[in-house]
Amino acid sequence: QVQLVESGGGLLQAGGSLSLSCAASGRTFSTDAVAWFRQAPGKEREFVAGISFRTKYAESVKGRFTISRDNAKNKVTVYLRMNNLKPEDTAVYYCAVDPGGMLTLSASPDDYEYWGQGTQVTVSS
(Lines give C-alpha, C1' and ligand atoms only; values in the text may rest on other atoms or scores of the structure.)
Protein backbone atom coordinates (compact mmCIF):
# COMPACT_ATOMS: atom_id res chain seq x y z
CA GLN A 1 0.00 0.00 0.00
CA VAL A 2 1.48 3.29 -1.09
CA GLN A 3 1.46 6.04 1.51
CA LEU A 4 2.54 9.66 1.18
CA VAL A 5 2.83 11.82 4.26
CA GLU A 6 3.60 15.53 3.98
CA SER A 7 4.90 17.68 6.80
CA GLY A 8 6.40 21.11 7.38
CA GLY A 9 3.59 23.48 6.57
CA GLY A 10 2.88 26.54 8.67
CA LEU A 11 2.13 30.24 8.95
CA LEU A 12 4.81 32.79 8.24
CA GLN A 13 5.39 36.30 6.95
CA ALA A 14 6.26 37.26 3.41
CA GLY A 15 9.95 36.94 2.67
CA GLY A 16 10.38 33.99 4.98
CA SER A 17 11.46 30.43 4.24
CA LEU A 18 9.93 27.04 4.84
CA SER A 19 10.78 23.44 4.03
CA LEU A 20 8.22 20.77 3.26
CA SER A 21 8.86 17.02 3.39
CA CYS A 22 7.06 14.14 1.75
CA ALA A 23 7.73 10.63 3.01
CA ALA A 24 6.53 8.05 0.50
CA SER A 25 6.55 4.31 1.08
CA GLY A 26 5.01 1.11 -0.20
CA ARG A 27 6.55 0.59 -3.64
CA THR A 28 9.81 0.93 -5.52
CA PHE A 29 10.03 4.54 -6.56
CA SER A 30 13.16 4.30 -8.69
CA THR A 31 11.29 4.91 -11.98
CA ASP A 32 8.70 7.28 -10.58
CA ALA A 33 8.38 11.02 -10.78
CA VAL A 34 7.49 12.79 -7.56
CA ALA A 35 6.03 16.28 -7.56
CA TRP A 36 4.58 18.99 -5.40
CA PHE A 37 1.29 20.58 -6.33
CA ARG A 38 -0.66 23.26 -4.54
CA GLN A 39 -4.25 24.40 -4.38
CA ALA A 40 -5.46 27.75 -3.15
CA PRO A 41 -9.12 28.36 -2.21
CA GLY A 42 -11.26 28.70 -5.30
CA LYS A 43 -8.44 27.75 -7.64
CA GLU A 44 -7.43 24.63 -9.49
CA ARG A 45 -4.61 22.44 -8.31
CA GLU A 46 -1.37 23.59 -9.91
CA PHE A 47 2.07 22.11 -10.44
CA VAL A 48 4.83 23.58 -8.30
CA ALA A 49 7.91 21.40 -8.80
CA GLY A 50 8.78 17.86 -9.82
CA ILE A 51 11.78 15.58 -9.66
CA SER A 52 12.89 12.42 -11.42
CA PHE A 53 16.48 12.25 -12.64
CA ARG A 54 15.96 15.95 -13.41
CA THR A 55 13.88 18.74 -11.94
CA LYS A 56 11.12 20.94 -13.25
CA TYR A 57 9.62 24.08 -11.75
CA ALA A 58 6.63 26.29 -12.35
CA GLU A 59 7.64 29.72 -13.60
CA SER A 60 6.14 31.35 -10.53
CA VAL A 61 8.55 29.56 -8.18
CA LYS A 62 11.75 29.36 -10.24
CA GLY A 63 14.69 30.74 -8.32
CA ARG A 64 12.79 30.62 -5.02
CA PHE A 65 11.91 26.94 -4.55
CA THR A 66 14.21 23.91 -4.66
CA ILE A 67 13.07 20.30 -4.87
CA SER A 68 15.26 17.35 -3.88
CA ARG A 69 14.84 13.67 -3.13
CA ASP A 70 16.47 10.95 -1.06
CA ASN A 71 15.90 7.44 -2.42
CA ALA A 72 15.89 4.30 -0.30
CA LYS A 73 14.61 0.79 -0.72
CA ASN A 74 10.82 0.94 -1.07
CA LYS A 75 10.64 4.52 0.06
CA VAL A 76 11.59 8.01 -0.97
CA THR A 77 11.64 11.35 0.78
CA VAL A 78 11.10 14.46 -1.29
CA TYR A 79 11.81 17.93 0.02
CA LEU A 80 10.64 21.34 -1.11
CA ARG A 81 12.69 24.23 0.13
CA MET A 82 10.76 27.48 -0.27
CA ASN A 83 12.53 30.83 0.02
CA ASN A 84 11.30 34.39 -0.31
CA LEU A 85 7.73 33.30 0.19
CA LYS A 86 4.94 35.54 -1.05
CA PRO A 87 1.27 35.80 -0.03
CA GLU A 88 0.34 34.25 -3.39
CA ASP A 89 2.17 31.09 -2.33
CA THR A 90 -0.55 30.49 0.24
CA ALA A 91 -2.18 27.13 -0.50
CA VAL A 92 -2.47 23.53 0.55
CA TYR A 93 0.61 21.76 -0.76
CA TYR A 94 0.32 18.16 -1.94
CA CYS A 95 2.96 15.57 -2.72
CA ALA A 96 2.18 13.15 -5.55
CA VAL A 97 3.75 10.17 -7.33
CA ASP A 98 3.53 9.36 -11.04
CA PRO A 99 4.37 5.65 -11.36
CA GLY A 100 6.87 5.11 -14.15
CA GLY A 101 6.93 8.83 -14.89
CA MET A 102 10.67 9.26 -14.55
CA LEU A 103 11.24 10.23 -18.19
CA THR A 104 8.13 12.33 -18.66
CA LEU A 105 8.19 14.31 -15.41
CA SER A 106 4.68 15.51 -16.05
CA ALA A 107 3.25 18.77 -14.73
CA SER A 108 -0.33 17.53 -15.06
CA PRO A 109 -2.06 16.35 -11.89
CA ASP A 110 -3.99 13.84 -14.01
CA ASP A 111 -0.79 11.83 -14.51
CA TYR A 112 -0.19 11.38 -10.79
CA GLU A 113 -1.76 8.34 -9.19
CA TYR A 114 -0.77 8.61 -5.54
CA TRP A 115 -1.40 11.67 -3.38
CA GLY A 116 -0.71 12.78 0.14
CA GLN A 117 -3.21 14.47 2.41
CA GLY A 118 -1.72 17.92 1.98
CA THR A 119 -0.13 20.47 4.28
CA GLN A 120 -1.21 24.09 4.66
CA VAL A 121 1.20 26.92 3.91
CA THR A 122 -0.02 30.42 4.78
CA VAL A 123 2.06 33.49 3.97
CA SER A 124 0.95 36.81 5.43
CA SER A 125 1.83 40.17 3.93
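Up top is the structure.
A brief look at the structure comes next. Please read these numbers as outputs of a predicted model, since none were measured by experiment. Once a new chain begins, its residue numbering starts again from 1 and follows that chain's sequence as written. The predicted nature of this model means local features are confined to residues of pLDDT at least 70 and side-chain atom pairs, given and counted, to a pLDDT of 80 or more, with totals for whole chains, interfaces and linings taken over all residues. Hydrogens and waters are ignored; side-chain quantities use all the structure's heavy atoms.

**Quick look at the pairing of strand β3 (residues 18–25)**
Relative accessible area decides the class of each residue, using a 1.4 Å probe on protein chains only: under 20% of the type maximum gives buried, over 50% gives exposed, and in between gives partly exposed. Numbering of helices and strands runs from the N terminus; a helix is a DSSP stretch of H or I covering at least four residues, while a strand is a stretch of E covering at least two. Because side chains alternate across β3, one face comprises the buried residues L18, L20, C22 and A24, and the other comprises S19, S21, A23 and S25, none of which is buried. Examined bridge by bridge, strand β1 (residues 3–7) and β3 share five bridges and lie antiparallel to one another. Opposite L4, over in β3, you have A24 as the bridge partner. Pairing between strands requires that DSSP locate at least two bridges from one strand to the other. Note: β3 against strand β8 (residues 75–82), eight bridges, orientation antiparallel. For C22, the partnering residue across the bridge sits in β8 and is V78.

**Let's talk about the sheet that holds β8**
Strand order in the open sheet formed by four strands is β1-β3-β8-β7, and the pairing between neighbours is antiparallel. Because the sheet does not close on itself, it has two edges, and the strands there are β1 and β7 (65–72). Neighbour to neighbour, the strand axes of the sheet diverge by 15° on average, direction disregarded. Orientation is described by axes fitted as lines to C-alpha atoms, over the contacting stretch for helices, and by angles from 0 to 180 degrees between their N-to-C directions.

**Quick notes on the state of the cysteines**
A pair of cysteine sulfur atoms is labelled a disulfide when the two atoms are within 2.5 Å. This structure, assessed with the given rule, holds one disulfide. Disulfide pairing places C22 opposite C95 at an S-S distance of 2.0 Å. What sets the handedness of the C22 and C95 disulfide is the S-S torsion sign, and at about -75° it is left-handed. Placement of C22 in strand β3 and of C95 in strand β9 (residues 91–98) is noted, with a sequence separation of 73 residues between them. Of the two residues, C22 and C95, both sit in the buried class.

**Observations concerning the side chain of S52**
Tracing the backbone shows S52 in the loop between β5 (46–51) and β6 (55–57). The class of S52 is buried, set by a relative accessible area of 9%. Pairs of N or O atoms within 3.5 Å make up the polar contacts considered here, provided that, within protein, one atom can donate a hydrogen while the other can accept it, and that residues adjacent in sequence are counted only when both atoms are side-chain atoms. Within the structure, the side chain of S52 is placed 2.9 Å from the backbone oxygen of M102, a separation counted as a polar contact. Residue contacts are counted whenever heavy atoms from the two residues lie within 4.5 Å of one another. Not counting residues up to four positions away in its chain, the partners in contact with S52 are D32, R69, M102 and L105.

**Thoughts on the packing of aromatic side chains**
Two rings from Phe, Tyr or Trp (for Trp, the six-membered ring) form a pair when their centres are within 6.5 Å of each other. A pair whose planes differ by under 30 degrees is stacked, one over 60 is edge-to-face, and the rest are tilted. Applying the stated rule across the entire model yields five aromatic pairs. Ring centres of F37 and F47 lie 5.7 Å apart, and the angle between their planes is 80°; on these two criteria the pair is classed as edge-to-face. With F37 in strand β4 (residues 33–39) and F47 in strand β5, this pair connects stretches of sequence that are ten residues apart. Given a relative accessible area of 0%, F37 falls into the buried group. Note on F37 and Y112: the rings are 5.1 Å apart at their centroids and 75° apart in plane angle, and the pair reads as edge-to-face.

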